[in-house]
2 protein chains.
Amino acid sequence: MAQRSEITVDESAARACMAALRRALPPDTLLTDPDTLRTYECDALSAYRRLPLAVALPHDREQVRTILRITREHGVPVVPRGAGTGLSGGALPHPRGVLLSLARLNRILAIDPRNRTARVEPGVRNLAVSEAARPYGLHYAPDPSSQVACTIGGNIAENAGGVHCLKYGLTVHNVLRIEALTADGETLVAGGGGLDGPGYDLAAVLTGSEGLLAVVVEATVRLLPLPQCARVLLAAFERVEDAAAAVAAVIAGGIVPAGLEMMDNAAVRAAEDFVHAGYPTDAAAILLCELDGTEAEVEAGIARVRALLAEHGATEVRLARDEAERERFWKGRKAAFPAVGRLSPDYYCMDGTIPRREIGRVLTRIAELAREHGLPVVNVLHAGDGNLHPLILYDANRPGELERTERLGHRILEACIEAGGTVTGEHGVGVEKLDPMCRQFDEATLRQFHALREAFDPRRLLNPGKAVPTLARCAEHRAMHVRGGRLPFPELERF
Amino acid sequence: MAQRSEITVDESAARACMAALRRALPPDTLLTDPDTLRTYECDALSAYRRLPLAVALPHDREQVRTILRITREHGVPVVPRGAGTGLSGGALPHPRGVLLSLARLNRILAIDPRNRTARVEPGVRNLAVSEAARPYGLHYAPDPSSQVACTIGGNIAENAGGVHCLKYGLTVHNVLRIEALTADGETLVAGGGGLDGPGYDLAAVLTGSEGLLAVVVEATVRLLPLPQCARVLLAAFERVEDAAAAVAAVIAGGIVPAGLEMMDNAAVRAAEDFVHAGYPTDAAAILLCELDGTEAEVEAGIARVRALLAEHGATEVRLARDEAERERFWKGRKAAFPAVGRLSPDYYCMDGTIPRREIGRVLTRIAELAREHGLPVVNVLHAGDGNLHPLILYDANRPGELERTERLGHRILEACIEAGGTVTGEHGVGVEKLDPMCRQFDEATLRQFHALREAFDPRRLLNPGKAVPTLARCAEHRAMHVRGGRLPFPELERF
């Protein structure tokens, strides 16, 4: 596949850069063996694969700085990587670049129970923060489903969410302070101890910037008290629209559940077959609504949610009797993706966000589109956030089916935009959503994104070709769209 | 006073610009009469006064665009202004610039009760949003004390807070979408309908950017349900340190009060004399802790807070018996500034933020500094946020007292930085805190701020000389600091 690069790296510059890195770093810090490199050829969006020039595995911040200074000197791109659990190809290597793994910067530097903060290196796993905070009765709230493996640095790059972000916010709401190195290797401190700070909100800009602005080398995150009590309600509905209306009613009622998830019938059946969660397999849709807080708060909340669910046509509302049942209810939800994976040789997980009031309408539209394209779609939603994960089932070995999947995916994202939503909820843009970004944003905004990026990295060496499409690509994509919209797996021609 | 300008505007360019504006705009849109201009010579930081070339009062977005295009063409600065209630001089006119008042863009475009949002123009008053939302049982949560007068556009520029931002967040947490015009007059849309969005977080950057990046012409803000029930506890302490420890304990207990305010003895006595709130005037400090939510939630919260307050040495804890007493308790707090104003010919309201755990230590340090400088300081705190408002009492007519006030203010802000805090909480930087910004940030961060600004406004025509000090100024300030630190009222020499 012919690849034109956003930046041009000639071979002699690449060679000189590798030689300089070898001189400056201990041998175990630079991997170039092709078999080893293969471990890093993709992230969790494995449809895209690439070998980098080398993988750098620095032990500390100073080595990160050295790598950035040497690569900059030679004009060689750098792609930062956390645990590689990203779903949009944000950590896909650059063929003429260094893949910079932050995995070894994995120390928890401090847990401050009084101020309820944790200071950690970027390679610390999300769940490890909560584990370290647990003795103090605290935890780190954002909980992406990959939380066993994914790292805080990667969470910041993608502005990761999770089941509990409805109540406790996304990563951006839980990161207080970031220390990062710019493409020049200079230290940048963003955010601070207070609720607000002077100066531009660099912490918010860095969060979700997908590794294009700076490399995070330390973060101070907010810890929250473990809730005294958490209980979950399961509600079954005969119509998907009723479940959607119930979601809107709960939120409109001023209730802030710790989680409010929705699964359609196909997802319910797949999960039930797989982990025997005790779900009602005849329901058109179920909701899982968790409330947490003190006993009194939770009890009061449960009563109100129960009433609202009944009012909106729930045919059954079950309160998990004990912790074991509560965990079983969640197990089904958490196993939904692998459970769906058992239904079909391949599936493509979409990620879009819509205003909550549009959930019913957009799900109906997705069902229509699925019929039109002759492909089954299973829906799992962070319903409280309006974050959809339609899973398109297909078989890559059947001729034309991948292309049909791509077209259907494209139409689903368009439906999200038309409903006033966005083409990504929590998985980021990476390489996957570059073309949908052209549909989402007008030229002025895209130009502003590029200007902002260049304010951090004028030579565009950090993770080039990701997150923000070039205007040329968008011009081309719009033409492509008229021709039938090959999306979201176009050739990576502008990478 | 000799004023060197960050940007140079020669007189003929200014004249040509005025002529072009006059041709392009209806007569009532451009004010140049010196007496009229005087109304706009300052914002609520009235120590700084300046006349602009002209005041523009556009009726709509297209006139704003016209003004921006013409001023840019002639290289003339533009200072956007909301209601002029800002406390850091952010809306201080530029002597060779146009003051752009957004006061006439004051329409509420839509209240969407189902999606719980309001779409408003920038000149809509903060309180007017809540008034329009009230029939739907909703309100706009951020409530700066100037909320009767201040506008949403100004709130966005300053990232305004308020008593309730502890629970409901600052402006940045309550603004979903911003439409702004760049210095080129181009429309920029930031944020959107969903919880997260793709692309860099332009909405977060614009919020708190003090009018240096773009001019807000429309905003969609989040509306929250009016709480079913709100009750307030008043606690008295014999020692300020005990009150500070109680604040930390309440927050550490995982309780999120709707407001958690602290006043020291001098503030309590001043407020009591002024509005007869029923405060215990012999207390070293009082706390006001409001809880809101459902009846059950509030009752449970009150019980827990009561216990914690008692544990931390409260000598008296009173629950407001009814709505009238609740309002009286708050009336005292809200009247604290004017009440202090009765004690002294002049007072200077400081604004800094520190980690909550440092409150006791920093208040002790402020008392020491006040003694050293021979000036009384009265403390009012958004204690739950760690946001201090020390009020320095002085008499500008006594020789040397203003200078002593400035020095003391400077030392207080240094104490905030030393405690891990920031030099501004919610009042912004404007012109007032330019020098403290040099203390707060290192050169790399300041350079990044400037680069970010230029990514929006390469010619630096929007509100030049505010919010971010030049590196030259910082170099000079550091020298100044060694010579004794004339702060925070230096000459505006680099304006």
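Calculation criteria
Residues numbered from 1 in each chain as written. Chains lettered and ligands numbered in written order. Predicted model: local features only at pLDDT ≥ 70, side-chain atom pairs only at ≥ 80, totals over all residues. Heavy atoms only, no water. Helix = DSSP H or I, 4+ residues; strand = E, 2+ residues; numbered from the N terminus. Rg over C-alpha atoms; globule rule 2.2 N^0.38 Å. Buried < 20%, exposed > 50% of the residue type's maximum accessible area, 1.4 Å probe, protein only. Contact = heavy atoms within 4.5 Å. Areas by Shrake-Rupley, 256 points an atom, 1.4 Å probe, with all protein chains shown as cover. Buried area = accessible area lost by both parts, 1.4 Å probe. Salt bridge = Lys/Arg side-chain N within 4 Å of Asp/Glu carboxyl O. Polar contact = N/O pair within 3.5 Å; in protein donor to acceptor, adjacent residues only side chain to side chain. Disulfide = S-S within 2.5 Å. Least-squares fit on C-alpha atoms with pLDDT ≥ 70 in both. Core = buried A, V, L, I, M, F, W, Y, C linked by side-chain atoms within 4.5 Å. Domains from an automatic or database assignment.

Student: Sorry, what's going on with the overall build of chain A here?
Tutor: Along chain A, the regular secondary structure elements total 17 helices and 19 strands. Here the C-alpha radius of gyration of chain A, 23 Å, is about what a compact globule of 495 residues would show, namely 23 Å. Referenced to the eigenvectors of the C-alpha coordinate spread, the extents of chain A come out at roughly 70 × 60 × 40 Å. Put simply, chain A has 495 residues, and 63% of those count as buried. Sequence separation of 24 or more characterises 72% of the internal contacts of chain A that already satisfy a separation of 6 or more. Accessible surface, chain A as shown: approximately 17800 Å² in total, 49% of it carbon and sulfur.

Student: How do you make sense of the interface of chain A and chain B when you look at a structure like this?
Tutor: It is common to report an interface's size as the accessible area lost on association of the parts. Tallying the contact residues gives 62 residues for chain A and 62 residues for chain B. Summed over both sides, the interface of chain A with chain B buries roughly 5300 Å², with 61% coming from carbon and sulfur. On inspection of chain A and its partner chain B, the count reaches four salt bridges. Note that Glu 186 of chain B is salt-bridged to Arg 447 of chain A, the shortest N-O span being 3.2 Å.

Student: Please explain the pattern of salt bridges as it appears in this structure.
Tutor: If the charged atoms of two oppositely charged side chains come close together, the side chains can form a pair. Summed over all chains, the structure comprises 63 salt bridges over all chains. Across the salt bridge formed by Glu 368 of chain B and Arg 365 of chain B, the nearest N and O atoms sit 3.0 Å from each other. In this pair, Glu 368 of chain B and Arg 365 of chain B both sit in helix α13 (residues 359-373), three residues apart, roughly one turn of the helix. The class of Glu 368 of chain B is partly exposed, set by a relative accessible area of 33%. Given the relative accessible area of 32%, Arg 365 of chain B is considered partly exposed. Here the residues in one salt-bridge network are Arg 61, Arg 119, Arg 177, Glu 179 and Glu 218 of chain A, joined through shared partners.

Student: Even after reading the chapter, I still don't get the side chain of Thr 353 of chain A, so can you show me in this structure?
Tutor: All names here are of chain A. Positionally, Thr 353 belongs in strand β17 (residues 352-353). Since its relative accessible area comes to 2%, Thr 353 is described here as buried. Of note is the side chain of Thr 353, whose polar atom sits 3.5 Å from the backbone oxygen of Thr 424.

Student: Sorry if this is basic, but what is going on with the state of the cysteines here?
Tutor: The full count for this structure, using the stated rule, is two disulfides over all chains. Residue pairing for Cys 438 of chain A: its cysteine sulfur links by disulfide to Cys 474 of chain A, the two sulfurs lying 2.1 Å apart. Taking the torsion about the sulfur-sulfur bond, which here is approximately -80°, the covalent link between Cys 438 of chain A and Cys 474 of chain A counts as left-handed. Taken together, the residues Cys 438 of chain A in helix α15 (residues 434-440) and Cys 474 of chain A in helix α17 (residues 471-482) connect sequence positions 36 residues apart. For Cys 438 of chain A, a relative accessible area of 1% corresponds to the buried category. Looking at Cys 474 of chain A, the relative accessible area reads 1%, which means it is buried. The cysteine Cys 150 of chain B is free of any disulfide, with Cys 165 of chain B supplying the nearest cysteine sulfur at 13 Å. For Cys 150 of chain B, a relative accessible area of 3% corresponds to the buried category. Distance from the sulfur of Cys 416 of chain B, which forms no disulfide, to the nearest cysteine sulfur (Cys 349 of chain B) is 12 Å.

Student: I would appreciate a short explanation of the environment of Glu 426 of chain A in the present structure.
Tutor: Residue and element names in this part refer to chain A. Along the chain, Glu 426 falls in the loop between α14 (401-418) and α15. With relative accessibility at 14%, the residue Glu 426 sits in the buried group. In this structure, the C-alpha to C-alpha distance between Glu 426 and Pro 399, residues 27 residues apart in sequence, is 31 Å. If we ignore the near neighbours within four places in the chain, the residues touching Glu 426 are Glu 158, Gly 161, Gly 162, Asp 351, His 382, Asn 387 and His 389. Separated by 3.0 Å, the side chains of Glu 426 and His 382 make a polar contact.

Student: Even after reading the chapter, I still don't get the relation of the copies chain A and chain B, so can you show me in this structure?
Tutor: If you rotate chain A by 180° and push it 0.0 Å along the axis, it lands on chain B with an RMSD of 0.0 Å. Here the symmetry operator amounts to a two-fold rotation axis. Every residue of chain A has its C-alpha some distance from the rotation axis, and the shortest such distance is that of Glu 297 of chain A, at 2.5 Å. Of all interface residues in chain A, 100% are interface residues in chain B too; the two copies therefore contact each other through one and the same surface.

Student: Sorry, what's going on with unusual backbone geometry here?
Tutor: Residues other than glycine predominantly adopt negative phi, and peptide bonds predominantly adopt the trans conformation. Residues and elements named next belong to chain A. Phi angles above zero are rare outside glycine, and Glu 210 is one such case at about 55°. Inspection of the secondary structure puts Glu 210 in the loop between α7 (202-206) and β10 (215-222). In this structure Glu 210 comes out as buried when scored by relative accessible area, which is 7%.

Student: Explain the nonpolar core here, please?
Tutor: Across soluble globular proteins, nonpolar side chains have a tendency to be buried as a group. In this structure, Val 129, Ile 178 and Phe 456 of chain A together with Val 129, Ile 178 and Phe 456 of chain B are the most contacted members of the largest nonpolar core, which totals 79 residues. Those residues in contact with Ile 178 of chain B, other than ones at most four positions away along the chain, are Ile 156, Leu 188, Val 189, Ala 190, Ala 203, Leu 206, Thr 207, Val 216 and Glu 218 of chain B. Of all hydrophobic cores here, the second largest spans 49 residues; its members include Ala 244, Ile 359, Leu 369 and Ala 383 of chain A.

Student: Teacher, can you tell me more about the environment of Asp 112 of chain A here?
Tutor: The residue Asp 112 of chain A is located in strand β5 (residues 108-112) in this model. Judged by its relative accessible area of 21%, Asp 112 of chain A is partly exposed.

Student: Is there a simple way to think about the domain arrangement of chain A in this case?
Tutor: Residue and element names in this part refer to chain A. Considered domain by domain, chain A is made up of domain 1 (108-225) and domain 2 (229-339). A C-alpha centroid distance of 29 Å is found between domain 1 and domain 2. Contact with domain 1, which involves five residues of that partner, is made by ten residues of domain 2. Of the roughly 680 Å² buried at the junction of domain 1 and domain 2 (both faces included), carbon and sulfur atoms supply 58%. The largest per-residue losses of area from domain 1 upon contact with domain 2 belong to Val 163, Leu 166 and Lys 167, which jointly make up 76% of the total buried on that side. As a salt-bridge pair, Asp 292 and Lys 167 come within 2.5 Å of each other at their nearest N and O atoms.

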